[in-house]
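Understanding the architecture of this molecule
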Amino acid sequence: MNIILLGPPGAGKGTQAARLVEQHGMRQLSTGDMLRAAVAAQTPVGLKAKAIMDAGELVSDEIVSALIDDELTAMGEHVGAIFDGYPRTAAQAEQLDAILAKHGRKLDHVIELAVDEDELVRRIVGRYSCAACGTGYHDEFRQPAVAGVCDKCGGTEFKRRKDDNEETVRTRMTEYRAKTAPILPLYEARGIVRRIDGMAPIDAVTASVEAVLAED
Ligand code: AP5
Ligand code: MG
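Everything quoted here is computed from the prediction, not taken from an experiment. (Residues numbered from 1 in each chain as written. Chains lettered and ligands numbered in written order. Predicted model: local features only at pLDDT ≥ 70, side-chain atom pairs only at ≥ 80, totals over all residues. Heavy atoms only, no water.)

Attention shifts here to the sheet that holds strand S7 (residues 158–159). Read across the open sheet, the three strands follow the order S6-S5-S7; overall the sheet is antiparallel. The open sheet is flanked by strand S6 (136–138) and S7, the only strands paired with a single partner. Where strand S5 (residues 127–130) and S7 come together, two bridges link them in antiparallel fashion. The partner of Ser129 across the bridge, within S7, is Lys159. (Pairing = 2+ DSSP bridges. Helix = DSSP H or I, 4+ residues; strand = E, 2+ residues; numbered from the N terminus.)

Written out as structure tokens, the structure is:
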């Protein structure tokens, strides 16, 4: 099974992908996470991407498609892929078709998480994660059970993304509306888009995602 989670910044792509990884043993392919790892490791890709990401703009299609191709090459052919934050432009959608064909995979579903933009700013600005294991938290919606201690690994250090401030979030949303939303009709024409309500509570969104996966 190969699926795309499509939605604006803060829609819940990463949150839902993490659950699919746990429930179904699928693999999350988040170009945002890959790029942040490259920035942290100061690789050539990271050095190119850093300023672009800090501004909330899009990194080049060639860079992100190469990252996806490399990940698919490295993972087992029977492991399902969850594309999170990719593709984000018409060119990336075309490149993904070619990459999937090369790896003998087919796209099963494009799950669109529909959300309200003002709520997204609230979600993103309150978001943080465990510095050790990456588990996600939120100032309002999801605090650790014991304040200051990660539920999953017991870590006590937390971090926030540099692009999670209101101004950058607005740019990221403009980029989404201008470049990413227009790829939906390409997939709608193939009859594989499933639109779900991303404003519902996290568990309810997961139930809707599961219902789509159960269609097969
Ligand atoms: P990326 O890392 O992909 O960021 P994004 O698309 O802006 O999305 P986010 O990760 O911010 O949101 P999400 O949908 O994963 O939401 P989450 O689950 O965390 O990209 C970052 C940058 O990298 C880009 O700006 C660009 O520069 C570059 N880049 C990446 N991919 C690229 C590509 N393909 N091409 C070019 N450039 C690329 O949820 C958010 C918060 O809300 C969390 O705190 C969560 O707990 C909470 N939450 C989630 N769901 C719910 C719910 N249902 N109810 C209440 N709270 C919820
Ligand atoms: Mg994410």
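We now examine the pattern of salt bridges. Scanning the model with the defined rule gives 23 salt bridges in all. Its salt-bridge partner being Arg177, residue Glu117 comes within 2.8 Å of it at the nearest N-O pair. Here the residue Glu117 occupies a position in helix H6 (residues 117–125), and Arg177 occupies one in helix H7 (residues 166–180), the gap between them amounting to 60 residues. Take Glu117: its relative accessible area is 25%, and that puts it in the partly exposed class. Since its relative accessible area comes to 46%, Arg177 is described here as partly exposed. Across the salt bridge formed by Asp163 and Arg161, the nearest N and O atoms sit 3.0 Å from each other. Here Asp163 falls in the buried class, since its relative accessible area comes to 9%. (Salt bridge = Lys/Arg side-chain N within 4 Å of Asp/Glu carboxyl O. Buried < 20%, exposed > 50% of the residue type's maximum accessible area, 1.4 Å probe, protein only.)

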